[in-house]
Amino acid sequence: MADEKTKRFREHVVRELYATEQDYASNLRFLVTHVLEKAREKGLHDNSFTDDVIHTLFCNIEEILALHERLMVDLDACVRGTPSYGTTIAKCYLNHQEGFAIYQHYGEYNEQSQKLLYELEDHPAFKAFFVAAMLLGGKSDDSISSFLFKPIQRITKYPLLFRELEKYTPQGHPDYQNTKEVLAMMRKLCSVINEARRRVEKLEAIADWQATVEGWEGSNVTDTCNELIKEGPLIKISAGNTQERTFFLFDNLLVYCKKGLLQKSLQFRGRVAVESLDVENIADGTADFHTKGIAVTFGWKVHNIAKNKWFVLIAKSAEEKQQWMDAIRREKERRKRLAAGIARDTRNLILDKGDKLYHRASATPGLIHDQKSVLKSYSKVFTGEQLVTWLVEDREVADSDEALFLGQALLENGIIHHVNDKHQFKRSDLLYRFRYDDGTFRAKLDSSDLISRGVRLYTRLHGLFDPLIREQKVGLRSMKGVVNAQKLIDWLLAEGDIIKREEGVALGEHLFASGILRHATDDHNFRDSSNLYRFVADDGHEGHRDQRRASAMPRVEFTAEQPQSCLTLTVPFSDGSYGMELSEGSPVEVVKCSTRAQIAGVSKGLAVVAVNGHFLEQHCPKPELLALLHPTGKNPPPLYLTVVKSSSQYCTLVPTRAGLGFHIKGSSPTIISGVDTGSAAAQAGILPGCCILKVAEEEVLRASHDLVVSAIRKALAASAGQKGGRQVALKLSFGGLEQAISYRYEGSKDATVQVYERTQESPYIFQVPAQFLGLCADEAGQLCDHLSQNNLKDKRVTDYISQLRTMAASYKKVVAALLVPRWPSYKPHGTTHTSVLEASPTNLHTSVLEVLADNSAPAAFGPHSQSPGVPRPRTSHYISTMAVPSITDKHISKADMAVLADVYLRMELLHSMQGMMTELEADQEIVRRLVVEQQGCASSEDHRDSSLPSPLLTPPDHTHTPSPSPSLSRARTTSVGDHKSVLKLVTHSILSKASQMEALLGEKLLVSVAEEASALLPTTAAAVLAEFKSQLHSHTEQIKKYSEARVPSEALQEANASLIETVKRHTQAASLYLEVSLALCGGVEALQISDKMFSQCLVALVTSFAHSLKAAAEGRLNGAVEYGGRGAEAGRQWLRLVASRGVLLHLQTTMLVDKHPELAALRDLSYVADRLKSVVLHVREQSHTTPSTMELPPVSLKGERTALHVTFDLLPSVFSRLPEDLTTADIKVHPVLFNKGLVDLVEGSDAYIWEKELNTASLRVLKDYYRSLRAHQLDSSMLPEGSDAKRLAIHRITQPLNAMGVLVRQMEVAIREPTRPGVGLLSIAAELMSRMGALRVDMCESGVFRSGLACSLEQVMLLCRCHELPQRNFRTALNKMRWKGSFAYVAKKNNADIAVAFPQQPPKLYQLPKET
């Protein structure tokens, strides 16, 4: 006989089982009726909602619903209203035993369903549909993902419930045997469903654990939690008591227990929901109120928000403390992010729907009109009853229940309101009004937009030369770093940020509420008054510290590790591995190393910082390491291993029969140019490019090659008689070093953010100038040969040929010098090797900022687990810094610029004619092969090659675009089977080129320069050009005639051949006129200066694009939140934009234009930067198998000065990820140059006017690119079908575009009409370029000082705007990143004193940082 306690517990379990079954059946009914059926209806007129998609998402959910509806009929009959001890509930489940088998099918397909749902997150049509379905069903706080997962959750709960039922069902009970059988049935069912099996194991383990806890209070852990995240003993200080407690962190609950008297027993002491927890760090050694005066080490505070109680926890080590804090914050952030995402998606839908409903309701007669209520008249109102009826009749909703949910959502989101703001939405005679009609509608600022505006406002205010933020007095009290609210609003009005004062007040209120701005004494909210306010970023940084506020504010730290000197090694994949193994833990080290890896410079014990450009986390998990070291697929790419390496090292080499195993080149310094495989040098880790600093103890850095060889021989001879035999000790310096540093801070959403910064030299610094100067030398040599063949005796021509040959010879010498390993591996400021390095940029470094983020749960679709071995999502940002291109004591004068402009125009004409000639010859070859194919007598070679190169498929406009270009070699192919279509295309191409050639011959410039050269040639240019045009027209008409037959014929081939011959003969003659005109122009010396400065800019362009291209392909590029939530999608969007509209190159300088040397350098830059428009970028797949020794892709240059083609050779694994349109695109470059010196210029002065003209010209280019970007993003072909989905997609796209438009207008004001002079243009431009995905290069006179400060400022702005760096940490982060990051590193490399080369009083954020 059961006792009363057993009866009571069994009754409780039966009641819970019955109640949860009712809820579950209700949820299934909602999923089918409100989502599945509506999805099918949607599919009738929207092709996106196919039967396959719907079936994959919902599987057999209707069968499951039918099962549980039948089950509920039996349960209702069994329970009869009130569950009791005697209820035989298990029998009902046993009656449907066969029906439960359908869960196996659902479980098998659930993973596919969740995966598809995750992919559909970025599909606007599905996103809009699911958000609307949840909203109208009254489930707006839940995600569709959670509902689709409920069957799996339910099936895993059955074993727990029936296990509990069995526990309280005695053997004599009529339902005992049924309960045992149902429990066995449910366990068996779960065992065949993978996900269910895993969940059951976890839940049963949690239930078993809870059973061991004495005195348990509250609901079961398994009711709300699914997983144990962390456990362990901690010291707890609370209410004056210090106790040891064992803490258990579940996915929704923190439980703490006291150890019991018996071994391993626990006594329950408390529980706190994770969402009610706040954690706050305590610095070691701190003693305060919460610690009861005890100095705490490894401690942190926990705030129970629900009870408003605090307690302190203390761990055994700093590592354990950080793990606990991170675990709590991560779990809380996951839940908060999911809820916030659902709320954001719902709000976006409601805002869009509310606007649409307002216009439709306004156009509906009799719905919105003036009405009376309690003797008072209200204009433009409607009743709740009227709106519900109209929504149903207008088929906006299915029934009145959905109408009520929609009405309440409209009210909660500020679209409608009760006329007296006293009631929620009800179906009654209460009066409501659209807020659009009474002017009370105010769109809430998006949090990310508010943060961006706050950061931008802060940096602009601190960039004023006459600051608004300054020390001010209130009575007898002096306050530093404050701003007057009235003056702030006045300034915002004058700058065009706001239109009326109310907007300024609203912005101030938002900033105040968000904790970005505060009252100076914390006594008032923000108001339009003379009150003083302070940005929280300035707390503690303006010479003041409010102790009262400091104790009240939570301590948030921005920490920086010690920077490390690193080197990236290239390890090839061979024989199934990379030949090494890495350790787990921190730091990651090389624990095993094969001979093959040693050749690459790897040695045992090396600490590894990054692999393939990805930083390894402090505690790198084993699955991630295995995934990196054991890649899948064919021909894995080389492994780029970034290891800790000091800038110099000693090594002792013992010679073998083969010698020491290395080769040297050069003098002062001497460089190791090669290392033999398996030699003593290879085993010692010596790499090509090392510089020999010492041999034994003898300094040889400035010694000649022969002296270094002699010193090595002497050292070997001296050691011959010593113990250990012959050996030599070398001190070496490595080239290509970089710096790596780690930062850490607590984000604004309580999540720890890890930031890694790498400062890298450009690998192209010598390679690209060598290729470019080589092309220029070849071009000059060809021009000299053509002119010499005609034996022109004019002194101007002979002098020109002599100067060109001298220039070509000097270029070839420079090329030879640049192609050998050099030291240092970059060009420092003030280098003495000017003759060789003039074409290489000074101090070109790229600062790579990599941010590790927690997995973002899709907003409207619920959480998704991360696959094992997959690294955490990473976002990368790139900013390059360098010196403004210059050559010692040489500048391009205004006269030189005019000559060069003439020279380049003539070169363009010459290359255009020659390029069109080359393409016509290619088209003629296609016609020849068509004729052979048609006649059936193709040669064996023709049969083997069954495709034709077809550059004519997209005929380029060659008016000023020379050919041949690399695009010809990558052009698509067309089958020769369809002769008519191919012939049509070929003929169109030939006629098009002939037409372009004819138009070119009529250009005034060509005619005038040809006439100018006629005096030195036997025939007049006019006669040659006239004859050329006449014969060109005649041949064109003949081709048109033969092509009408639309069948390849010998006559058409002969007509084409005649045209080609005519064009070739006359092109040679016309080209001679242009070549002679170039000789008459002269300007060879100016051309050399221009070439070398252009080469410096070209290296910066290539470096910046290579970084962004690789990161975008790997899903790491996300310059701004505007490009989407996940890195992969952000990268794809950027790549598509670049393919369609070209790439924007942002050159930003802080040159002082009131100083002549800097003004002259900036003029040179503005001239050569404009020439970058002639550069075309391409990408292609690497065809060779030899791995590149660079982490970035190798590049090759082709073409001429006026049309340079740069091709990036990508690894197959990277190339395969690119969108197809990018792989065939000619990527144009749009350079913009903005300058703002750090000193105030006199308005109206020459320097002021010139700077304004420079910035205005770049602004025009920027606005054109913005319009092009906007058109690309809003391209109708890229938008989804269906009005609602399209409207939602347009809303999502236009939000960031409109934000960019605001920034463009602010730049316009900053350039043309600044009310207060300052450098705000720089911060506005930095944010805008980041949002637009521009390549960014900061420049100054040295590439060290002002450019470094600007770079670190932009990085901190990025962290605040995109990665949740709290604004109160802005100045702390800025100082630490400057003193330990790229700024300090580049200064140290240049042996530079950072106290020099600065303006006397720059704006605050550009002043010398205080060392931290």
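Residues numbered from 1 in each chain as written. Predicted model: local features only at pLDDT ≥ 70, side-chain atom pairs only at ≥ 80, totals over all residues. Heavy atoms only, no water.

Engineer: Whenever I open this one, the sheet that holds strand β14 (residues 477–484) confuses me. Can you help?
Structural biologist: In a beta sheet, neighbouring strands are held together by backbone hydrogen bonds and run either parallel or antiparallel to one another. The strand order across the open sheet formed by 4 strands is β13-β14-β16-β15, and the pairing between neighbours is antiparallel. Of all strands in the sheet, those bounded by a partner on one side alone are β13 (470–474) and β15 (517–519). In this sheet, neighbouring strand axes are inclined to one another by 55° on average, regardless of whether the strands run parallel or antiparallel. With 4 bridges joining them, β13 and β14 adopt antiparallel strand pairing. Residue Q472 lies in a different strand from β14, and its bridge partner there is M479. (Pairing = 2+ DSSP bridges. Helix = DSSP H or I, 4+ residues; strand = E, 2+ residues; numbered from the N terminus. Axes fitted to C-alpha atoms, helices over the stretch in contact; angles between N-to-C directions.)

Engineer: Honestly, the sheet that holds strand β8 (residues 309–314) in this entry has me stumped. Any pointers?
Structural biologist: Here 8 strands make up an open sheet; going across it, the order is β1-β5-β4-β3-β2-β8-β7-β6 and the pairing mixed. Each having just a single partner strand, β1 (213–214) and β6 (277–281) make up the two edges of the open sheet. Where strand β3 (residues 241–250) lies against strand β4 (residues 253–259), 4 bridges are found, and the strand directions are antiparallel. Counterpart to T246 in the pairing with β4 is C257.

Engineer: Explain empty space enclosed by the protein here, please?
Structural biologist: Empty space among the atoms becomes apparent when a probe as large as a water molecule is rolled across them. If you walk through the whole model with that rule in mind, you get 14 cavities of 30 Å³ or more. Along the wall of the second largest cavity there are 15 residues; nearest its centre are E495, A1310, R1316, G1320 and L1321. Elements that contribute at least two residues to the lining of the second largest cavity include exactly α16 (485–495), α39 (1283–1312) and α40 (1320–1332). The biggest single contributor to the lining of the second largest cavity is α40, with 3 residues. (1 Å grid on protein atoms, 1.4 Å probe; cavity = no way out; pocket = protein on both sides within 12 Å on 5 of 7 lines; lining within 4 Å. Points joined across faces, edges and corners; volume = space filled by probe spheres on them.)

Engineer: It is not clear to me how the environment of R1368 should be interpreted in this structure. Could you clarify?
Structural biologist: Examined against the element boundaries, R1368 turns out to sit in the loop between α41 (1346–1362) and α42 (1370–1380). Residue R1368 is classed as partly exposed on the basis of its relative accessible area, which comes to 31%. Sequence separation of R1368 and F535 is 833 residues, and the distance between their C-alpha atoms is 7.9 Å. (Buried < 20%, exposed > 50% of the residue type's maximum accessible area, 1.4 Å probe, protein only.)

Engineer: What is the right way to read helix α35 (residues 1156–1171) from this model?
Structural biologist: Side chains of residues three or four places apart in an α-helix project in the same direction, reflecting 3.6 residues per turn. Between its terminal C-alpha atoms α35 stretches 23 Å, which fits the 22 Å expected from 16 residues at 1.5 Å a residue. What α35 keeps buried is the set E1158, L1159, A1160, A1161, L1162, D1164, L1165, Y1167, V1168, A1169 and R1171. (Expected span 1.5 Å × (residues − 1).)

Engineer: When you look at the nonpolar core in this model, what are you seeing that I'm missing?
Structural biologist: Most often, soluble globular proteins keep nonpolar side chains buried together rather than apart. In this structure, L1098, F1105, V1175 and F1208 are the most contacted members of the largest nonpolar core, which totals 147 residues. With 18 residues, the top contributor of residues to this core is helix α33 (residues 1084–1113). Excluding anything up to four places from it in sequence, F1105 contacts W1134, V1138, V1143, L1177, F1208, I1227 and L1335. If you look at the next biggest cluster of nonpolar residues, it comprises 65 residues, including A25, V35, V79 and A125. (Core = buried A, V, L, I, M, F, W, Y, C linked by side-chain atoms within 4.5 Å. Contact = heavy atoms within 4.5 Å.)

Engineer: Help me out: how do you make sense of the pairing of strand β9 (residues 369–373) in this one?
Structural biologist: In this structure, β9 lies alongside strand β10 (residues 376–383), joined through 4 bridges in antiparallel fashion. Within β10, the residue paired with K372 across the bridge is S377. Where β9 folds back onto β10 in an antiparallel hairpin, the turn is made up of 2 residues, including V374, whose phi is positive at roughly 50°.

Engineer: What's the story with helix α3 (residues 61–79) in this structure? I'm lost.
Structural biologist: A rise of 1.5 Å per residue sets the reference length of α3, with its 19 residues, at 27 Å; its end C-alpha atoms lie 26 Å apart and thus fit the reference within 8%. Buried within α3 we find I61, I64, L65, L67, H68, L71, M72, L75 and V79. End-on view of α3: buried residues confined to an arc of 155°, all on one side of the axis. Looking at the buried positions of α3, the neighbouring elements they touch are α1 (4–43), α2 (51–58), α4 (89–95), α5 (102–119) and α8 (150–167). Taken from the residues just after α3, R80 is the one with a positive phi, measuring 55°. (Arc of directions from axis to C-beta.)

Engineer: Sorry, what's going on with the pairing of strand β41 (residues 1335–1340) here?
Structural biologist: Regular strands show a simple pattern: their side chains alternate between the two faces of the sheet. A large share of β41 lies buried, amounting to 6 of its 6 residues. The alternating pattern of β41 places L1335, V1337 and M1339 and R1336, D1338 and C1340 on opposite faces, both of which are buried. Pairing of strand β36 (residues 1143–1149) with β41, which is carried by 5 bridges, proceeds in the parallel orientation. Considered in β41, the bridge of T1149 is made with M1339.

Engineer: Looking at this model, I keep getting lost on the packing of aromatic side chains. Mind explaining?
Structural biologist: The relation between two aromatic rings is expressed through the spacing of the ring centres and the mutual angle of the planes. Enumeration according to the criterion identifies 29 aromatic pairs in this entry. Taken together, a centroid distance of 5.1 Å and an interplanar angle of 70° make the contact between Y458 and F1370 edge-to-face. With a gap of 912 residues between them, Y458 in helix α15 (residues 447–461) and F1370 in helix α42 connect regions that are remote in the sequence. Each member of the aromatic cluster is reached from another via a ring pair, and the members are Y93, F100, Y103, Y158 and F162. Taking NZ or CZ as reference, R8 lies 6.0 Å from the ring centre of F9, over its face. One residue, K139, lies across the ring of F30, its end atom 5.7 Å from the ring centre. (Phe/Tyr/Trp six-rings, centres within 6.5 Å; stacked < 30°, edge-to-face > 60°. Lys NZ or Arg CZ within 6 Å of the ring centre and 35° of its normal.)

Engineer: What should I look at first to understand the environment of V388 in this one?
Structural biologist: Here V388 shows up in helix α12 (residues 384–393). Residue V388 is classed as buried on the basis of its relative accessible area, which comes to 1%. Note: C-alpha distance between V388 and S400 (12 residues apart in sequence) is 6.2 Å.

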